[in-house]
Amino acid sequence: MGRVHIIGTGGYQPGDPIDNDQIERLVGSLSPDVQEGISIQQRYWMIDPETGEHHESNTDMAYKATVRALETAGVEAGQLGLMIQSTGTPEYHLPACVNLLQERLGLERCATMELRSGGAGGVQGLDIARMMLERGDHEFALVVGSEAISPVMAPVFVGKDPNKIRMRDRLPLYMFGDGAGAFVLQATDSDQGGIIGSAQCAIGGTRKAGIHSIGGGTHAPIHEQLSRKRLVDLQVDVVGAGDFTPQMVVDSLADTLGRSGIAAESVDWCLIPEGNVGWMLDSLAEHGLLTDEWKAMEGKIFDNLAMTGACGSAAVPLFLDHAWRTGMIQPGQRVVLIGVEATKWIYAGVVVDWTAATPA
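Residues numbered from 1 in each chain as written. Predicted model: local features only at pLDDT ≥ 70, side-chain atom pairs only at ≥ 80, totals over all residues. Heavy atoms only, no water.

(A) Quick look at the pairing of strand β5 (residues 111-116). Summarising the sheet, strand β4 (residues 82-87) and β5 pair through six bridges and their orientation is parallel. Across the sheet, residue I84 finds its bridge partner in β5, namely M113. Tracing the backbone out of β4, into helix α4 (residues 97-105) and back to the parallel element β5 gives a crossover that is right-handed. (Pairing = 2+ DSSP bridges. Helix = DSSP H or I, 4+ residues; strand = E, 2+ residues; numbered from the N terminus. Right-handed = clockwise from strand over helix to strand, strands pointing away.)

The following block contains the structure:
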């Protein structure tokens, strides 16, 4: 079997951009050094920021990103043999979002899989789909990363006095956004171009979770959960993320390059969400993590975090879609895609020799 190629991408974020001034009116301010360290200027929410009313759903966003990806790939939905979706914010525990998307696309029969994941999930799904296409199961596959994080955050501020919102509850509002991104993959007989290697690992198996979404599950009696202040509570360990995310990023880059058998110097572009933010670079230097691989990436790392917000599973496909459509990524270039998440400190990476022409 030949290589698997990314032949189309699509991205979607809902509504109008919400800037930091608007967030400050809703939940109060952050200290200047914390806000500068986050490096996020705007984000998009599927809810009304004043009332919390839902204007769209996770599936709505995934569908719109999918349609755009299929259009650029020149593939009909009926040609898809496999669909994989990653999300940490599904509409329901069951049925899975991927099957709601399948229904929206009108596909009676299709192999499907859903990953309950965060920032690493889009890349994990890409790697799994690639393996299934390489063994000849299907010709075309769709991989979607989507997140609807704003509904979880709405109870923090809707109807509340911003001055009485705790600082630890304010921070996620400045960080997170909603959206969806999609890849369309094709199996080919060619041994040139396409996905050439990958790596995945969870390196925090015994470490406390850095992002914890608590509520609505079976960890405690439902009647006890309903009596709490908020049914779903999004807890973010900012200090832990600052300490350990740089280690995750360095490990993921070295592992992905090593397992792919390529030199860091051969890479043209490297997508690492948060790879360019000030706190990350400072922390790498402080902890002695400026490895040879990282130094070789100088001037090559990109993301679109400042303009989208942190959007979990959607981040990598959204950022890649933006880079491809703006002409930054060109055929013949070697691109490393890395997703990381602080849930249980997971990373996933793939190396792609890019072949898709910039869409008109």
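Moving on, there is more to tell.
(B) Representation of the nonpolar core within the structure. Core analysis: the largest hydrophobic core is formed by 89 residues, its most contacted members being I6, W45, M83, F157, L185, L337 and W354. Per-element accounting of this core gives the leading share, seven residues, to helix α13 (residues 315-325). Listed in part, the 27 residues of the second largest apolar core include V250, V267, M280 and W345. (Core = buried A, V, L, I, M, F, W, Y, C linked by side-chain atoms within 4.5 Å. Buried < 20%, exposed > 50% of the residue type's maximum accessible area, 1.4 Å probe, protein only.)

(C) Representation of the packing of helix α1 (residues 20-27) against helix α7 (residues 167-175). Look at α1 against α7: their axes get within 10 Å of each other, and the N-to-C directions meet at 155°. The angle between the axes of α1 and α7 places the two elements in the roughly antiparallel class. The two elements α1 and α7 meet at a crossing, and its hand is right-handed. Across from N20, I23, E24 and V27 in α1, the residues of α7 making contact are R170, L173 and Y174. Looking at side-chain class alone, the contact of α1 with α7 contains four nonpolar, one polar and two charged residues. (Axes fitted to C-alpha atoms, helices over the stretch in contact; angles between N-to-C directions. Parallel < 35°, antiparallel > 145°, perpendicular 65-115°, else oblique. Left-handed = near helix turned anticlockwise from the far one by under 90°. Contact = heavy atoms within 4.5 Å. Nonpolar A, V, L, I, M, F, W, Y, C, P; charged D, E, K, R; others polar.)

(D) The environment of V98, seen in detail. Tracing the backbone shows V98 in helix α4. Separated by 14 residues in sequence, V98 and T112 have C-alpha atoms that sit 6.7 Å apart.

(E) Geometry of helix α5 (residues 121-134). Over its 14 residues, α5 extends 20 Å from the first C-alpha to the last, a length consistent with the 20 Å expected when each residue adds 1.5 Å. Within α5, twelve of the 14 residues are buried, leaving the element largely enclosed by the surrounding structure. By the burial criterion, the buried members of α5 are G121, G122, V123, Q124, G125, L126, D127, I128, A129, R130, M132 and L133. Just downstream of α5 lies G136, where phi reads positive at about 90°. (Expected span 1.5 Å × (residues − 1).)

(F) Molecular detail of α13. Among the eleven residues that make up α13, nine are buried, leaving the element largely enclosed by the rest of the structure. Within α13, the full set of buried residues consists of A315, V316, P317, L318, F319, L320, D321, A323 and W324. Two residues or fewer past α13, G327 is found with a positive phi of approximately 85°.

(G) Representation of the environment of L107. With respect to the helices and strands, the residue L107 is situated in the loop between α4 and β5. Residue classification places L107 among the buried positions, given a relative accessible area of 12%. As for L107 and A77, which are separated by 30 residues in sequence, their C-alpha atoms are 7.4 Å apart. Once residues within four sequence positions are removed from consideration, L107 is found in contact with A77, G78, L80, M83 and Q102.

(H) How the structure looks around the side chain of E56. The residue E56 is located in the loop between β3 (42-43) and α3 (58-73) in this model. Of the polar contacts made by the side chain of E56, one reaches the side chain of Y12; its length is 2.5 Å. (Polar contact = N/O pair within 3.5 Å; in protein donor to acceptor, adjacent residues only side chain to side chain.)

(I) Geometry of the sheet that holds strand β14 (residues 346-353). Across the sheet, which stays open at both edges, the five strands sit in the order β8-β14-β13-β11-β12 with mixed pairing between neighbours. Either end of the sheet is taken by a strand with one partner, and the two such strands are β8 (194-202) and β12 (301-302). Across the sheet, α13 touches β11 (269-271), β12 and β13 (334-341), and the angle it forms with β13 is around 150°.

(J) The arrangement of the pattern of salt bridges in detail. Under the counting rule described, the total for this entry stands at 13 salt bridges. Residues joined in a network through salt bridges with shared partners are R166, D169, R230 and D233. (Salt bridge = Lys/Arg side-chain N within 4 Å of Asp/Glu carboxyl O.)

(K) Focus on a nonpolar patch on the surface. On the surface, I222, L226 and L231 cluster together to form a nonpolar patch covering roughly 300 Å² of accessible area. Accessibility expressed as a relative area gives 48% for I222, which makes it partly exposed. (Patch = residues over 30% accessible without salt bridge, like charges linked within 9 Å, V, L, I, M, F, W, Y side chains within 5 Å. Areas by Shrake-Rupley, 256 points an atom, 1.4 Å probe, with all protein chains shown as cover.)

(L) Region of the structure containing the packing of aromatic side chains. All told, the structure shown has four aromatic pairs when counted by the stated rule. For the pair F244 and W345, a centre-to-centre distance of 5.3 Å together with 90° between the ring planes defines the contact as edge-to-face. Residue F244 is found in helix α9 (residues 238-260), and its partner W345 is found in the loop between β13 and β14; the two are separated by 101 residues along the sequence. Overall, F244 belongs to the buried group, its relative accessible area being 16%. (Phe/Tyr/Trp six-rings, centres within 6.5 Å; stacked < 30°, edge-to-face > 60°.)

(M) How the structure looks around the sheet that holds strand β6 (residues 140-147). Read from one edge of the open sheet, five strands run β1-β7-β6-β4-β5, paired in mixed fashion. Every other strand in the sheet has two partners, leaving β1 (4-12) and β5 as the edge strands with one partner each. Across the sheet, the mean angle separating the axes of adjacent strands is 15° when strand polarity is ignored. The sheet contact formed by β4 and β6 spans five bridges and is parallel. Residue pairing in the sheet places Q85 in a bridge with V144 of β6. Strands β1, β4, β6 and β7 (179-187) of the sheet are contacted by α3, whose axis makes an angle of about 135° with β1.

By themselves, these figures tell us nothing about what the structure is for.
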